[in-house]
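# Structural characterization, general
Each chain, written out:
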Amino acid sequence: MMSALETSIAMLRTVGLLQSVWDNDELMRELGSKMVRRVVEPGMVLFQPGDVETTAYFVVDGSFDVISGETVVATLREGQSFGQQALLCRLTRTGAVVCGDRQSTILTLEKQDLEAVLRRFPQSEAAFFDANASYINDLEWQAANHKTEQ
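Residues numbered from 1 in each chain as written. Predicted model: local features only at pLDDT ≥ 70, side-chain atom pairs only at ≥ 80, totals over all residues. Heavy atoms only, no water.

So, about the sheet that holds strand β1 (residues 36–40). Within the open sheet, the four strands sit side by side as β1-β10-β4-β7. Their pairing is antiparallel. Two strands in the sheet have a free side with no partner beyond their single neighbour: β1 and β7 (81–82). The sheet contact formed by strand β4 (residues 55–61) and β7 spans two bridges and is antiparallel. Its bridge partner lying in β7, Phe58 is registered against Ser81. (Pairing = 2+ DSSP bridges. Helix = DSSP H or I, 4+ residues; strand = E, 2+ residues; numbered from the N terminus.)

Leu12, Leu27 and Phe58 are the most contacted members of the largest nonpolar core, which totals 24 residues. Listing elements by their share of this core, those giving two or more residues are α1 (4–12), α2 (25–34), β4, β10 (104–110), α3 (111–119) and α4 (122–149). Sequence-distant contacts of Leu27, defined by excluding residues within four places in its chain, comprise Val21, Val117, Leu118, Phe121 and Ser124. If you look at the next biggest cluster of nonpolar residues, it comprises eleven residues, including Phe47, Phe64, Cys99 and Ile106. (Core = buried A, V, L, I, M, F, W, Y, C linked by side-chain atoms within 4.5 Å. Buried < 20%, exposed > 50% of the residue type's maximum accessible area, 1.4 Å probe, protein only. Contact = heavy atoms within 4.5 Å.)

Below, the discussion takes up the side chain of Thr7. Here Thr7 shows up in helix α1. By relative accessible area, Thr7 is classed as buried at 14%. Setting aside residues no more than four positions away along its own chain, Thr7 makes contact with Met2, Arg37 and Leu107.

The set of residues buried in α1 consists of Thr7, Ser8, Ile9, Met11 and Leu12. For α1, the elements touching its buried residues are α2, β1, β4 and β10.

The subject of this paragraph is the environment of Ala96. Note that Ala96 resides in strand β9 (residues 96–99). By relative accessible area, Ala96 is classed as buried at 11%. Residues Ala96 and Ile67 lie 29 residues apart in sequence; the distance between their C-alpha atoms is 5.0 Å. Setting aside chain neighbours within four positions, we find Ala96 in contact with Phe47, Gln48, Pro49, Asp65, Val66 and Ile67.

Shape descriptors only; they carry no functional weight alone.
Structure follows, in C-alpha cells:
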C-alpha cells in the first residue's frame, strides 16, 4: 500500500502540465507534501460556474460529476484530475463539479503552493514555464475575453 505522500506524487505524475518537472524527485516530494486530502460528501459542490479558482483536484476514490447547465458532461473517477489550468492562472470556472453518489476522497493542490515550490528550484521553474508558455498565453487570452463578454 502506498503512503499518502507516494499517492500524492503518483497523482502529480499524471498531470501533463507538470511533465517538465517529473524528473526532479525532490521537487515532486515537496509538491506532494503540499497536497491536501479532503473527504467529500455525496452531492457536495466543489465549485460552480463563475467561481474563480486556483486549485487543481485529484480523485483518490469515488466519483465527481462535471455539469454544464443541467447536463452531466463527464464523470471523473479514481486516478483522474481536473482544474489543472488553475495552477497556471486564475480562471473563472465555466461548469460545476459535484461529488457523486457516495463519499469520495480528493487531493488538492493550490497555485500558490506550486509557485512557492517552483521558486525553490529555479531550473525546474524555468522549464515549467517554458514548457507551458503557449498554454498560459491561451488561458490568459481566454480569461480576458471571457471578462469582456460579461
